[in-house]
Amino acid sequence: SGDEKVAPVGFFDKYPALVTGFFFFMWYFLNVIFNILNKKIYNYFPYPYFVSVIHLFVGVVYCLVSWAVGLPKRAPVDSNLLKLLIPVAVCHALGHVTSNVSFAAVAVSFTHTIKALEPFFNAAASQFILGQQIPLTLWLSLAPVVLGVSMASLTELSFNWTGFISAMISNISFTYRSLYSKKAMTDMDSTNIYAYISIIALIVCIPPAIIVSMVALIEGPQLLKHGFSDGIAKVGLTKFISDLFWVGMFYHLYNQLATNTLERVAPLTHAVGNVLKRVFVIGFSIVIFGNKISTQTGIGTAIAIAGVATYSYIKAKMEEEKRVSSILNYSTP
Ligand code: 3PG
């Protein structure tokens, strides 16, 4: 009946907070599964450049199929929007590949501890690239984050420089991604935007992945010589293919959900949500992989995460004060 058709729309409109909560839940859930499956793959098939391209490839196929069936309907794109999206996608691709080089090299919990520094890089970018003055209190609130990550790194049992440096490069890439995203704000819905970003990211990812892995002899030659055959010998062809397919699906869906969530909440809430996501991933990955962590690493990780929470709280308060004072200034000319 007519009533039944109207009811679901009414429900979503009536309980927006519930819907946003559901988005956060799905984002975290998909991300935890992605991280675990991804690391399981690296344990038998340690080729992060190749696997990163597969993640994007599966996502792009999924987007093309979704558009073909009209769920969602493809939004038209023009050259102006493409020009704005290209830098976002390049940073997305670079941050993605470097995150994965780190995931393959060290414990998942350690990569995410380093990635908890992302707000610190964002603050640095606001001050040194955008020229915004960051108050001293805000900088000071970031000190425990840096201290915590340093403490955690010094005694991390899986530590190596490849894992550390590539996670740091991913922090820089994702900071630039957020700077360019601000310039690329459009009316297009987030699902379509992320679909275009995935397609461009895949295109920009393939040539460097081939060049770097072949020319620098990083993983290309080993991959072709025995990588595929070793991986398949360990788990069987069916599992090998289905693992790569599912990890790509989870990668795409968690990122799509993250983008959909950003559409519903303020950027700061989203950034805090992203750090909270890492707390879940760190916890689950330690339990599932049975990683040993030293007491100092445990304490350092906790200090870093508490530091991010404090920083976000102070920043949110400052933004609220700025908002209130601009309203007051506006109303009393
Ligand atoms: C990736 O594969 O790109 C990483 O999972 C990115 O990590 P993040 O979305 O947790 O920053």
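Note that the structure is predicted; figures quoted are calculated from it, not measured.

Participant: Break down the confidence of the model for the chain for me, with residues and values.
Facilitator: For the chain, per-residue confidence averages 89 on the pLDDT scale, and residues scoring 70 or more make up 95% of the total. Across the assembled chains, the prediction reports ipTM 0.93 with pTM 0.89.

Participant: Tell me about the nonpolar core, and please be specific about residues and values.
Facilitator: Of all hydrophobic cores here, the largest spans 68 residues; its most connected members are Ala89, Ala116, Val145, Ile197, Ala201, Cys205 and Tyr254. Broken down by element, this core gets its largest block of residues, twelve residues, from helix H4 (residues 79-105). If sequence neighbours within four positions are ignored, cysteine 205 has contacts with Ser52, Val53, Leu56, Ala93 and Val97.

Participant: How would you sum up the environment of valine 204? Please name residues and give values.
Facilitator: Among the secondary structure elements, valine 204 is positioned in helix H9 (residues 190-215). Assessed through the 18 C-beta atoms surrounding it within 10 Å, valine 204 is described here as partly exposed. Leaving out residues up to four positions away in the same chain, valine 204 has contacts with Ala89, Val90 and Ala93.

Participant: Tell me about the site of the ligand, and please be specific about residues and values.
Facilitator: Lining the immediate surroundings of the ligand are His96, Ser99, Asn100 and Lys115. No other element matches H4, which puts three residues into the shell around the ligand. Looking at the shell around the ligand residue by residue, the classes come out as no nonpolar, three polar and one charged.

Participant: Mind laying out helix H3 (residues 48-68), listing which residues take part and the relevant values?
Facilitator: Helix length check: H3, at 21 residues, gives a terminal C-alpha distance of 30 Å against a target of 30 Å (1.5 Å per residue), a fit within 8%. Three or more residues of H3 are buried, namely Pro48, Tyr49, Val51, Ser52, Val53, His55, Leu56, Val58, Gly59 and Cys63. Of the residues flanking the end of H3, it is glycine 70, one or two places downstream, whose phi is positive at about 80°.

Participant: Explain unusual backbone geometry to me, and be specific about the residues and the numbers.
Facilitator: Between leucine 71 and proline 72 the backbone carries a cis peptide bond, its omega angle lying at 0°. With respect to the helices and strands, the residue proline 72 is situated in the loop between H3 and H4.

Participant: Give a description of the environment of isoleucine 54 that names residues and reports values.
Facilitator: Secondary-structure assignment places isoleucine 54 in helix H3. Its 17 C-beta neighbours within 10 Å are what place isoleucine 54 among the partly exposed residues. In contact with isoleucine 54, not counting residues within four places along its chain, are Leu244 and Gly248.

Participant: Quick one: what's the story with helix H10 (residues 220-235), residue by residue and with numbers?
Facilitator: Count 3.6 residues to each turn of an α-helix, and residues three or four apart come out pointing the same way. In this model H10 runs 21 Å from its N-terminal to its C-terminal C-alpha over 16 residues, within 8% of the 22 Å that 1.5 Å per residue would give. Phi turns positive, to about 90°, at glycine 236, one or two residues after H10.

Participant: Lay out the packing of helix H2 (residues 16-44) against helix H11 (residues 237-264) in plain terms, naming residues and giving numbers.
Facilitator: The geometry of H2 relative to H11 is characterised by a closest axis approach of 8 Å and an angle of 150° between their N-to-C directions. Here H2 lies roughly antiparallel to H11, going by the angle between them. Handedness of the H2/H11 crossing: left-handed. Two secondary-structure elements touch here, H2 through Thr20, Phe23, Phe24, Met26, Trp27, Leu30, Asn31, Ile33, Phe34, Leu37, Asn38 and Ile41 and H11 through Asp243, Trp246, Val247, Phe250, Tyr251, Leu253, Tyr254, Leu257, Ala258, Asn260, Thr261 and Arg264. Residues that form the contact of H2 with H11 fall into these classes: 17 nonpolar, five polar and two charged.

Thresholds, definitions, all that
Residues numbered from 1 in each chain as written. Predicted model: local features only at pLDDT ≥ 70, side-chain atom pairs only at ≥ 80, totals over all residues. pLDDT = per-residue confidence, 0-100. Core = buried A, V, L, I, M, F, W, Y, C linked by C-beta atoms within 7 Å. Buried ≥ 20, exposed ≤ 12 C-beta atoms within 10 Å, placed from the backbone. Helix = DSSP H or I, 4+ residues; strand = E, 2+ residues; numbered from the N terminus. Contact = placed C-beta atoms within 7 Å. Near = placed C-beta within 6 Å. Nonpolar A, V, L, I, M, F, W, Y, C, P; charged D, E, K, R; others polar. Expected span 1.5 Å × (residues − 1). Axes fitted to C-alpha atoms, helices over the stretch in contact; angles between N-to-C directions. Parallel < 35°, antiparallel > 145°, perpendicular 65-115°, else oblique. Left-handed = near helix turned anticlockwise from the far one by under 90°.

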